[in-house]
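Geometric and topological summary
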Amino acid sequence: MLGMMPYLLELAVRYLLACRPRASFVVAVAHGGEKSLHSSMSFTALVVVLVEPQGATAQRRLSMLQHVRKAFDPAYRRWPPHITLVPPAVYTPDGQDDALDPPAWLVRHLQRLTAGVERVCAEHPAHILQLRHLAAFERREAILHLRPSASSAEPLLSLQADVAQAALPHMPGVRLRSTYVPHMTLGRVKTVERRRELEQRVMEVLGDGLEVRVDRVHIMYKRGEAKQPYTTWRALPLGIRVP
């Protein structure tokens, strides 16, 4: 019986190779492996304003809203409250990868991005933003968020337009929506009951709004598609000219 083992193994291999469903499975695994490898080598970067409370009242309200985010926002641990200026771009190695974090090839991309955004930030003053309105993006799940009052949003809208223009040449594959809507995400819900609960908890602490200061722009990055926290690459102050 032992002498027949090589022959039986050969028959088994031939059967598996000839079996169409099994072959498809092998291809799927290969593709999945390629995707996983690609993801592990790539990095994601974006441009945001981190929400900085202005005063003790705003600090207290933001702290309570963080409890809401923890309960309703899957990205709670990935980054602090923020307002996105330019959505994520994916960067892949243009040379040999290395073990540094960030790797040297990514540093080159981030340096070019920083140079453009930094010049824009110097031209815009720091300002106060009033996050007063609870709203939602209605998709497969409702994304509830805070939006600024129209008057306080004007400096931020101007900043975002100029930052996007400077950043996009250095952020491959990013396409902006036709209308920019500044917002701070609070949570994602799929049911009416969860939405009511989220809305109630927000309104209990929001009062007349959340006053925040906008005095710098952050460029952040993380590795691949991993659900890990973003890291700040640079915090670029507003209204300060760089020699």
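Provided above is the structure to which this section pertains.
Overview of the structure. A quick note: this is a predicted structure, and the numbers were derived from the prediction, not measured.

Notes on the pattern of salt bridges
Using the criterion set out here, one finds eight salt bridges in the structure. Among the salt bridges present, the one from R194 reaches E197, with a minimum N-O distance of 3.8 Å. Remark: E197 and R194 occur in helix α6 (residues 192-206); sequence separation between them is three residues, near one turn of the helix. Residue E197 is classed as partly exposed on the basis of its relative accessible area of 36%. Between E199 and R195 there is a salt bridge; the shortest N-O distance is 3.2 Å. Pair noted here: E199 and R195 are both in helix α6, with a separation of four residues, about one helical turn. Each of E138, R195 and E199 takes part in one network of salt bridges that share partners.

Quick word on the packing of aromatic side chains
Under the criterion given, the structure shown has three aromatic pairs. With 5.9 Å between their ring centres and 75 degrees between their planes, F43 and W105 make a pair best called edge-to-face. Here W105 lies in helix α4 (residues 104-122) and F43 lies in strand β1 (residues 43-50), a separation of 62 residues in the sequence. Measuring from ring centre to ring centre gives 6.2 Å for F43 and Y221, while their planes differ by 45 degrees; the resulting arrangement is tilted. Residue F43 is located in strand β1, and its partner Y221 is located in strand β8 (residues 216-223); the two are separated by 178 residues in the primary sequence. Taking relative accessible area as the criterion, F43 reaches 0% and is therefore assigned buried. The class for Y221 is buried, based on a relative accessible area of 6%. Put simply, the rings of F43, W105 and Y221 touch in pairs and so form one group of aromatic residues. Here R234 stacks its cationic end above the ring of W233, 4.0 Å away from the centre of that ring.

The rules behind the values
- Residues numbered from 1 in each chain as written.
- Predicted model: local features only at pLDDT ≥ 70, side-chain atom pairs only at ≥ 80, totals over all residues.
- Heavy atoms only, no water.
- Salt bridge = Lys/Arg side-chain N within 4 Å of Asp/Glu carboxyl O.
- Helix = DSSP H or I, 4+ residues; strand = E, 2+ residues; numbered from the N terminus.
- Buried < 20%, exposed > 50% of the residue type's maximum accessible area, 1.4 Å probe, protein only.
- Phe/Tyr/Trp six-rings, centres within 6.5 Å; stacked < 30°, edge-to-face > 60°.
- Lys NZ or Arg CZ within 6 Å of the ring centre and 35° of its normal.

The analysis is restricted to geometry; functional conclusions fall outside its scope.
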